[in-house]
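Coordinate analysis (summary)
Here is how the chains run, residue by residue.
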Amino acid sequence: MTRSTTRTHCPYCSLNCGFDLRTEDGVIVDLDRWKQSPLTQGGLCVKGTTAHEQVDHEDRLRSPLVKRNGRLVEATWDEALDAAAAGFRTIAEAHGPDANALLSGGSLTNEKVYLLGKFARLAMRTRHVDYNGRFCMAAAGKANMMAFGADRMMTPLDELRNAEVVVVIGAHISAAFPVALPKYLNLVRRTGGTVIVVDPRAGRFVKPEDLHIALEPGTDAIFFNGLLREIARRGYIDRNFVNTRTTGFEEALASALPFDPETVQRIADVPIAALEQAAELIGGTTRCMFLHGRGPEQQLSGTSNVLSIINVGLACGHVGRPGAGVNMLTGQRNGQGGREWGQRCDQLPAGRSIRDPKHRRTVAARWGVEPHDIPDAGDSYVEILDAAGRREVRGLLSICTNMAVSAPDVRRVDEQLASLDHLVVVDPFLSESARHADVVLPGSTFAEEAGTITTLEGRVIRIDQVVAPVAGVDDMGIIRALAARLGAADHFAHESPAAVFDEMRAVSAGGPIDYSGITLDRLRRDDGVFWPCPSLDHPGTPQLYRERFAHADGLARFHPIVPTEPLDSVDDGYPIVLTTGRLLAQFLSANQTGRIERLQKVAPGPYVELHPETARAYSISKDDRVRITSRQATVDVPWRSNRGLRYDTLFMPYHWPECNVLVSADLDPLSKIPGFKYTAVRIESSRAEIDLRERRDTGSSAAIVSESKK
Ligand SMILES: Nc1nc2c(c(=O)[nH]1)N[C@H]1C(S)=C(S)[C@@H](COP(=O)(O)OP(=O)(O)OC[C@H]3O[C@@H](n4cnc5c(=O)[nH]c(N)nc54)[C@H](O)[C@@H]3O)O[C@H]1N2
Ligand SMILES: Nc1nc2c(c(=O)[nH]1)N[C@H]1C(S)=C(S)[C@@H](COP(=O)(O)OP(=O)(O)OC[C@H]3O[C@@H](n4cnc5c(=O)[nH]c(N)nc54)[C@H](O)[C@@H]3O)O[C@H]1N2
Ligand code: SF4
Ligand SMILES: [Mo]
């Protein structure tokens, strides 16, 4: 028997907890904690301890599938790859290359992200390539680019040790970042510091001694404008920092002046005393760290919401000093690298802009093409699906994303996928989206590939291959095989992920996201390396912006914020806000975690949370189901009581399609992120008999009842 042990990282969230996987004769048999793993030090949540169970799972796709007579049937790799490529070729010939599109994901390694961006531009020759970070980090990334000139967490999380005040804004730490972060918050509390939580719902991580600001959903910019005004009134502006390191303060402050404490109380439902206390705590310390999650970001005003938080951080000078920072919490394991390496519709690799002629020239030279061979910027994720609905996009390659659960207004997504002439899905498991596919190619899991990942902190780490791909070919092999069939083999001749990484380092040299000094050997030796790292002897850059920001003039920018009403706002017909998010035991569309028995037991299917008083007001009793109607649709689900919620707010975990049936596909105009965190709904008790919807064997007892008229 051959035994071996390989060090790797959890495939789910951006904390990237490390562990060792033990194999016997090429099969994973167990997992050992890696006690010194960066950031999380051997910690693992229940998803991590079971992550390896997906690799050899009986549901794994072990053979490609092609649609024949309306049914997906097994095919050989050659048949399936030929059919996949032929579909894209036929569409391009008849309707032009922009009639094909590619959608991908932030769970892919940096190498695959890079190859996919290149594949879209040089093999499919389409403008339309985007990825699921559009649903996730788009608003935070856009705001960080606007304010600071770069898109990366500015302070490594270990600086939380030095923080006196931590402000957690719309991040559900106990479910979404369950390892390391709760410990840091406890440390802050134990050492006499304060945790401020800005969230309409109190997650388990919120403690009685914290200052919990249960604002009305969708009102972050109002609250943070009010906070800026109050901090200025109390004389807490760091004038020296503002004068020497930033521009635009006066305009930002002017935009905040209408938001006096009474106005904030009236619109955002934040008590005047709470606003004053927050202003005193945040303004009165030099060691304050902001951590924001998707709460303020997945809104139609997501970008301005984040900018309003940044305004407060900059005004107090909470940047670049010990225990300080305005930090976004990236979500997927490679949510950071996923937005760096060119799979975004407006971006070339290493954060280079597709619209900047100099960047186009640099990338074209490395790729051995002319700048005009690289297509222009294309559409974002939801816009690509919309174009499919209009039959402007007719072919779609979907790899590592599951829009039939995760995109807003999923019933419309089902129609859009059905109206495609050609859908190719690459996924280790048959997903809801793959049911619409013409060709399904078995994708790889984390254990079947090598490469690099960039964690939420901006730390580049290394993934080693543990076992051979169960279907015989891995994702990179699929990309290469398709490229060859589309006549672009020369651009994808890399022998290994390491060769891809070397090309990426070269493309990044001297650019905004510089990996040129990072080598796989360094990643093996160290705890990872933070970018930018421009040379082999450069130590990497854990802390950004100590002396300058990434804008050409080195200054950060304030932005005036004019809060807007949510488009889908509450009214008499839809008086309650539905907000959505995560459960500890499931990951995103649950296509992986939903197959792991231990996780399914804890979180078997959809439900909605109501405050018990809200349930009483609507005469909903314990065993009733709740019928929820939004302007999109109606669903029927079981409910659970949660005293940590506002009376006028419901929470629904999003891991099952019942949730996004309700959410509209409207977008934040600046970042094109959907408003997953705010849907106006009405509720009633539902005791009616209903048809149960078929869905894996999750034991889901939810039902999608009907479509409501807009
Ligand atoms: N277990 C688990 N962990 C995960 C994931 C998973 O699927 N499962 N996914 C990963 C990914 S991709 C991501 S992006 C992260 C997401 O991490 P989080 O952003 O922490 O996760 P969410 O559950 O979406 O929680 C958002 C929080 O915002 C609050 N909120 C809702 N509306 C508002 C509002 O208007 N304003 C404010 N201030 N708050 C509001 C909600 O009550 C909730 O507490 O998690 C990562 N970690
Ligand atoms: N209502 C609501 N909707 C949301 C959110 C919310 O808070 N509320 N959150 C949004 C957020 S933050 C995100 S990030 C998106 C995520 O939305 P999705 O893009 O749907 O994310 P996943 O469910 O991870 O889908 C990834 C798919 O790729 C497969 N996969 C995983 N790893 C690999 C790999 O290495 N190779 C290949 N080929 N396939 C792989 C998985 O099996 C899965 O089917 O959802 C968003 N949708
Ligand atoms: S899901 Fe996140 S917290 Fe849980 S083990 Fe994996 S990386 Fe760690
Ligand atoms: Mo995400």
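Cut-offs and rules
- Residues numbered from 1 in each chain as written.
- Chains lettered and ligands numbered in written order.
- Predicted model: local features only at pLDDT ≥ 70, side-chain atom pairs only at ≥ 80, totals over all residues.
- Heavy atoms only, no water.
- Domains from an automatic or database assignment.
- Buried area = accessible area lost by both parts, 1.4 Å probe.
- Salt bridge = Lys/Arg side-chain N within 4 Å of Asp/Glu carboxyl O.
- Polar contact = N/O pair within 3.5 Å; in protein donor to acceptor, adjacent residues only side chain to side chain.
- Helix = DSSP H or I, 4+ residues; strand = E, 2+ residues; numbered from the N terminus.
- Nonpolar A, V, L, I, M, F, W, Y, C, P; charged D, E, K, R; others polar.
- Near = heavy atom within 4 Å.
- Areas by Shrake-Rupley, 256 points an atom, 1.4 Å probe, with all protein chains shown as cover.
- Buried < 20%, exposed > 50% of the residue type's maximum accessible area, 1.4 Å probe, protein only.
- Contact = heavy atoms within 4.5 Å.
- Axes fitted to C-alpha atoms, helices over the stretch in contact; angles between N-to-C directions.
- Parallel < 35°, antiparallel > 145°, perpendicular 65-115°, else oblique.
- Left-handed = near helix turned anticlockwise from the far one by under 90°.
- Phe/Tyr/Trp six-rings, centres within 6.5 Å; stacked < 30°, edge-to-face > 60°.
- Disulfide = S-S within 2.5 Å.
- Arc of directions from axis to C-beta.

Concerning the domain arrangement of the chain
Assigned domains within the chain: domain 1 (3-54), domain 2 (65-136 + 334-530), domain 3 (138-328) and domain 4 (576-707). Inter-centroid distance (C-alpha atoms) of domain 3 to domain 4 is 28 Å. Each partner contributes to the roughly 2,000 Å² buried at the junction of domain 3 and domain 4, and carbon and sulfur atoms together form 60% of this total. The three residues of domain 3 that bury the most area against domain 4 are R201, Q298 and L300, which together make up 35% of that side's buried surface. For the interface between domain 3 and domain 4, the tally reads 3 salt bridges. The salt bridge partner of R646 is E216, with a shortest N-O separation of 3.7 Å. Counting across the domain 3 and domain 4 interface gives 9 residue pairs in polar contact (both at pLDDT 80 or more). When residues of the side of domain 3 that touches domain 4 are traced back to their parent elements, those giving at least two are α4 (138-148), α5 (173-176), α12 (294-297) and α13 (302-315). The residue inventory of the side of domain 3 that touches domain 4, partitioned by class, reads 12 nonpolar, 9 polar and 6 charged.

Points about the site of ligand 1
By nearness alone, 33 residues border ligand 1, and H172, D199, D220, R294 and Q586 come closest of all. Contact distances for ligand 1 include 3.3 Å between an oxygen atom and a backbone N or O atom of G170. L584 places a polar main-chain atom, nitrogen or oxygen, 3.1 Å from a nitrogen atom of ligand 1. Contact with the protein chains covers 99% of the free accessible surface of ligand 1, which is 910 Å². Where the shell around ligand 1 is concerned, the elements lending two or more residues are α5, α12 and β23 (576-581). Residue composition of the shell around ligand 1, grouped by class: 14 nonpolar, 12 polar and 7 charged. In terms of domain composition, the shell around ligand 1 takes at least three residues from each of domain 3 (138-328) and domain 4 (576-707).

Overview of the pattern of salt bridges
Enumeration according to the criterion identifies 46 salt bridges in this entry. Here K118 and E503 are joined by a salt bridge, their closest N and O atoms 2.7 Å apart. Taken together, the positions of K118 in helix α3 (residues 110-124) and E503 in helix α19 (residues 497-508) put the pair 385 residues apart, joining distant regions of the chain. In this structure, E449 and R333 form a salt bridge, with 3.0 Å as the shortest nitrogen-oxygen distance. With E449 in the loop between β18 (439-442) and β19 (451-454) and R333 in the loop between β13 (325-328) and β14 (347-348), this pair connects stretches of sequence that are 116 residues apart. Classification of R333 as buried rests on a relative accessible area of 3%.

Topic: the environment of Y607
Topologically, Y607 is positioned in the loop between α21 (597-602) and β24 (608-610). Placed 49 residues apart in sequence, Y607 and W656 show a C-alpha to C-alpha distance of 9.5 Å. Residues contacting Y607, with those up to four places away along its chain left out, are L583, V637, P638, R640, F651, M652 and P653.

Digging into the site of ligand 2
By nearness alone, 29 residues border ligand 2, and N132, T401, S406, D427 and S589 come closest of all. Here R582 contributes a side-chain N or O atom positioned 3.1 Å from an oxygen atom of ligand 2. Between an oxygen atom of ligand 2 and a side-chain N or O atom of S589, the distance comes to 2.5 Å. Of all the secondary structure elements, the ones that give two or more residues to the shell around ligand 2 are β17 (422-427) and α23 (657-660). Each residue belonging to the shell around ligand 2 can be placed in one class, and the counts come to 11 nonpolar, 13 polar and 5 charged. Two domains each donate at least three residues to the shell around ligand 2, and these are domain 2 (65-136 + 334-530) and domain 4 (576-707).

Observations regarding the packing of helix α7 (residues 220-233) against helix α10 (residues 261-268)
Running from N to C, α7 and α10 cross one another at 165°; their axes reach a closest spacing of 9 Å. Our classification of the angle between α7 and α10 gives roughly antiparallel. The element α7 and its partner α10 pack so that their crossing is left-handed. Of the residues in α10, those in contact with I222, F223, G226, R229 and E230 of α7 are P261, V264, I267 and A268.

Quick look at the packing of aromatic side chains
Going through the model one piece at a time under the given rule, you end up with 15 aromatic pairs. Between Y12 and F587, the aromatic rings sit 5.2 Å apart at their centres with planes inclined by 45°, giving tilted as the arrangement. Linking Y12 in the loop between β1 (3-9) and β2 (18-24) with F587 in the loop between β23 and α21, this pair joins segments that are 575 residues apart in sequence. Judged by relative accessible area, which is 0%, Y12 ranks as buried. What makes F587 buried here is its relative accessible area of 10%. Counting every residue linked through ring pairs, the aromatic cluster contains Y114, W341, W367, F501 and Y515.

Topic: the state of the cysteines
For the coordinates displayed, the defined rule picks out 0 disulfides. With no disulfide partner, C400 has as its closest neighbouring cysteine sulfur the one in C136, 12 Å distant.

A few points about the environment of G203
Summarising the element assignment, G203 is placed in the loop between β9 (194-198) and β10 (211-213). Measuring from C-alpha to C-alpha, the distance between G203 and L103 comes to 32 Å, with 100 residues separating the pair along the chain.

Brief notes about helix α6 (residues 181-190)
Residues of α6 that are buried: L181, Y184, L185, V188 and R189. For α6, the arc enclosing every buried residue in end-on projection is 140°, short of the 170-degree limit, so these residues lie on one face. Residues of α6 that are exposed and angled more than 90 degrees away from the buried face: K183 and R190. A positive backbone phi angle near 85° is found at G192, which sits one or two residues after α6.

Quick word on the environment of D571
Summarising the element assignment, D571 is placed in the loop between β22 (556-557) and β23. In sequence terms D571 and E457 are 114 residues apart; their C-alpha atoms lie 41 Å from each other. Within polar-contact distance, the side chain of D571 engages the backbone nitrogen of G573 at 2.9 Å. Here Y574 takes part through its backbone nitrogen, which lies 2.9 Å from a polar atom of the side chain of D571.

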